[in-house]
Amino acid sequence: MLVKLTSVAHVGLSSVPVDVEVDVAAQGFPGFTVVGLAGKAVEEARERVKTAITNSGMEFPGKKITVNLAPADLPKDGGAYDLPIAIGILVASGQLLVNDTVTNAVFYGELGLSGDVRPTKGVLLVGLFAKKHKIKEIFVPQGSAAEASVIDGITVYPVKNLRDLMGHVMGSAPIARLKRKKKEKTEDDVVEFDLSEIAGQEQAKRAMTIAAAGGHNLLMSGPPGAGKTMLARALPGILPPLTPAEALEVTRIYSVAGLLSSGTSLMHARPFRNPHHGISAAGIIGGGSNPSPGEVSLAHLGVLFLDEMAEFPRSVLESLRQPMEDGVVSIVRVGAHVSYPASFTLLAAVNPCPCGYLGHPKRPCSCSEKQVRKYRSRLSGPILDRIDLHVIVPSVETEKLSGQAGSVSSKTMRETVIRTRKIQEKRFAADGFYTNSQMKNKHVKKYCALDGETHRILKLAVETYDLSARGYFRLIKVARTIADLAGAPAIAVTHMAEALQYRSAMGNS
Amino acid sequence: MTNIAPPIPRLRDLSSPPKQLYYRGTWDEALFTKCAAVVGSRRMTQYGRMVVEKLVPQLVEAGFTIASGFMYGVDQAAHRECLECGGRTIAVLGWGMNWNGLDREDKNLMEEIEKKGLVLSEWEEQKPALWTFPQRNRIVAAISQELYVVEAAEKSGALITARIARTLKRTIWAVPGPVTSKTSEGTNQLLADNLARMWLPVRGAQKNETAVTNPLVRLLETEPMHASDIARALGEPIDKIGAQLSLLVLAGDVVEREGTFYVS
């Protein structure tokens, strides 16, 4: 007897329907074959399904079983087809009766040998797929079901094990449907480091506020131990929370990557990714034969922090250029062409020189000028050109800080940032982007009119520092954000002058 | 283009003058009439840079040509500062004229020097080696009437230059440095042993009124500081201080290096 069920395959962030056809032949030698470009994990489904069925108290038919996963030319991988295959076999062998539940639903989940259904990645996308294709019911692993709870218009059944699912299909013991999460209370996210915990470094904190408010990329340079990493970790705490639409977008990426912890529905905190400098280009951009998202996509709408940026391989840094420009990363592999969103704020930290102590008040720097130049040349070029803010984080002499009142807390800072972002959203409503950092030159001309005195200062700065055209526009963009932070409608001299503090210190522009 | 230099009278003071001297640039006797050497450590600190920025303009103002050894650190800073304030400078190389191990920035500097001054070397093809630098130093010492040592560690090329200059009876000046700094041990020792005169900058260089009364400028007169430290010391918000600093730097009242600010 032949049975057809529906499941889902993911190609990047899009989902494709997969028909799982199971045939238990009346004649022929006993056997179990899976066809349809099944990957290794799908091939192995035979053993998992066989054992799971037996351990669930049912009988595995000693007949010729053929499973076809259609479309035949789409590569399929992962354990998510275990559940539809198992149900298919039970129906095809007559142990379950065919009914609407079986034919009109999506089954998705990996089986354990005991018959338990294990958490499986990509459940959120299954829910979105079902909604789009007007499929009413989905059966997904209990551990991952929460992901789909935010989607309205579908019924989500969290499946604990195969035996429960059979009970549900037979109608003897229906599984309770998952309650749809309305609006989760946005509990204050736990902030790893509060800005007020970090003593001194007023300028770096100010630069971070500007970066957060205007979506600018930020480079911090300073000696080891100055607090660069700690400052970086405080950045997520001053970023505005994700909007519901943004949260869904981010959660989709994490769902596909299988990085959502069990029971999570939507992510609320902006992602903060901190890859080690040993990372490969495929790791940062995304890769694999069915490409999975890389760090740039996992940092989507959040922060990508590159500590010791000069230590990253050139190829990795170069590969950041395209996503930084487009906000999307396209990965091409033999079997697939996939795009993932990758719109992130780059936060980079570097030492000022190879030994790290250049400009240190107490410790001598043991590098020659030539070594310093060479070290910096590793960073120069296109990536630095895309970083609007450069700030020096000096080492702090603790005795100078004693008795200092704590600075503003992350919470206050965050409110300022949110207010400033609102101003920008309003300004760019017709332009299709959100922050000052995304302005192109024509927008700069349109939104950043400068009065005579401000223009004079800017011109003087261009001459003094020999700024490139790109550096010129960068300055104006930063000045725009500083003006917005102050709530000023026009850029004033003081805003432009402050922006000058954050121009590139790395030499090239 | 390498040319053979005409004889330089002062080189005859040396017990072993160079047999041959090559040059690039335009030969001008007048360059040697009033010539001061500024030498010092390769590991120049920020203090050293500040000293060069004060010392060299004063020498140029007094009509001196600045001679040095074209090494990174104090030497190159002296060449650069000299060009910046419109002076003429002589670079004596510690390697052959045609050695092509220089990076782009060195080449650019050398071209700038050639425009108005001279690049000298006693070799054509010699690669830099441990012995070539002291050899070069004797020429630096000999062509100048006065020698200024800015930052030199206990054992350094700059002290070798000073020793040669002493045997040649040149006037030697040393710039005192912090006693805690390794790169000032050599210069301070020269002063302690009475082997050099102490150079101090000319006081009372005129500043414009507003800058002098500005509390920020007055604060920076005592020591170089980071923007954050300034904000804390003055109790003002960092955005205001940052804007003020930028304007002061653009006006030329304050200088910024590696994030620290000091009065020019």
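**With respect to the overall build of chain A**
Secondary structure summary: chain A contains 21 helices and 18 strands in total. Its C-alpha atoms give chain A principal-axis dimensions of roughly 90 × 45 × 45 Å. Expressed as a percentage of the 509 residues in chain A, the buried residues total 48%.

**Looking at the overall build of chain B**
Within chain B one finds ten helices and twelve strands. Across its three principal axes, chain B shows a C-alpha extent of roughly 65 × 40 × 30 Å. A buried classification covers 46% of the 264 residues belonging to chain B. Taking all contacts inside chain B whose residues are at least 6 apart in sequence as the whole, residues at least 24 apart take part in 69%.

**Description of the sheet that holds strand 18 (residues 389-392) of chain A**
Residues and elements named next belong to chain A. Ordered by their spatial adjacency, five strands build an open sheet running 11-14-17-10-18, and the pairing between neighbours is parallel. Each having just a single partner strand, strand 11 (272-273) and strand 18 make up the two edges of the open sheet. Sheet topology note: the strand 10 (residues 218-221)/strand 18 ladder contains four bridges and is parallel. Residue pairing across strands places L219 opposite H390, the latter belonging to strand 18. Contacts from helix 7 (residues 202-214) reach strand 10, strand 17 (345-350) and strand 18 within the one sheet, and its direction differs from that of strand 18 by about 165 degrees.

**Overview of the environment of G381 of chain A**
All names here are of chain A. If you trace the backbone, G381 turns up in the loop between helix 14 (369-377) and helix 15 (382-385). Given 14 C-beta atoms within 10 Å, G381 falls into the partly exposed group. The spacing of G381 and E318 is 63 residues in sequence and 9.5 Å in space, taken between C-alpha atoms.

**Considerations on the nonpolar core**
Core analysis: the biggest nonpolar cluster contains 143 residues, and A86, Y108, V126 and I138 of chain A have the highest contact counts within it. With eight residues, helix 3 (residues 82-92) of chain A is the largest single contributor of residues to this core. Not counting the four nearest positions on each side in its chain, A86 of chain A is found in contact with V49, A52, I53, L111 and L162 of chain A. Counting 56 residues, the second-largest nonpolar core is a separate cluster that includes L21, V51, A78 and V92 of chain B.

**A few points about unusual backbone geometry**
Cis peptide bonds are those with omega within 30 degrees of zero, and the linkage from A70 of chain A to P71 of chain A qualifies with 5 degrees. By the secondary structure assignment, P71 of chain A is in the loop between strand 4 (64-70) and helix 3. Positive phi values are uncommon outside glycine, yet E151 of chain B reaches one of about 55 degrees. Within the secondary structure layout, E151 of chain B lies in the loop between strand 7 (146-150) and helix 5 (157-167). Taking the C-beta count within 10 Å as the criterion, E151 of chain B has 30 such neighbours and is therefore assigned buried. With a phi close to 50 degrees, E258 of chain B is a non-glycine residue in the positive phi region. In this fold, E258 of chain B is placed in the loop between strand 11 (254-257) and strand 12 (260-263). Given 19 C-beta atoms within 10 Å, E258 of chain B falls into the partly exposed group.

**Section: the domain arrangement of chain A**
Residues and elements named next belong to chain A. Here the domain parsing of chain A yields domain 1 (2-170), domain 2 (195-416) and domain 3 (439-509). Distance from the C-alpha centre of domain 2 to the C-alpha centre of domain 3: 23 Å. Each side of the interface is counted separately: domain 2 has 18 residues, and domain 3 has 16 residues. Elements represented by at least two residues in the side of domain 2 that touches domain 3 include exactly helix 7, helix 15 and strand 18. Top element by residues in the side of domain 2 that touches domain 3 is helix 7. It accounts for five residues.

**Brief notes about the environment of A62 of chain B**
Topologically, A62 of chain B is positioned in the loop between helix 1 (46-61) and strand 4 (65-68). As for A62 of chain B and K34 of chain B, which are separated by 28 residues in sequence, their C-alpha atoms are 9.3 Å apart.

**As for the interface of chain B and chain A**
With 24 residues of chain B at the contact, the number on the chain A side is 26 residues. Among the elements of the structure, helix 9 (227-234) and helix 10 (238-251) of chain B are those that each provide at least two residues to the side of chain B that touches chain A. Broken down by element, the side of chain B that touches chain A gets its largest block of residues, eight residues, from helix 10 of chain B. The residue makeup of the side of chain B that touches chain A, split by class, is eight nonpolar, eight polar and eight charged.

Parameters and conventions
Residues numbered from 1 in each chain as written. Chains lettered and ligands numbered in written order. Predicted model: local features only at pLDDT ≥ 70, side-chain atom pairs only at ≥ 80, totals over all residues. Helix = DSSP H or I, 4+ residues; strand = E, 2+ residues; numbered from the N terminus. Buried ≥ 20, exposed ≤ 12 C-beta atoms within 10 Å, placed from the backbone. Contact = placed C-beta atoms within 7 Å. Pairing = 2+ DSSP bridges. Axes fitted to C-alpha atoms, helices over the stretch in contact; angles between N-to-C directions. Core = buried A, V, L, I, M, F, W, Y, C linked by C-beta atoms within 7 Å. Domains from an automatic or database assignment. Nonpolar A, V, L, I, M, F, W, Y, C, P; charged D, E, K, R; others polar.

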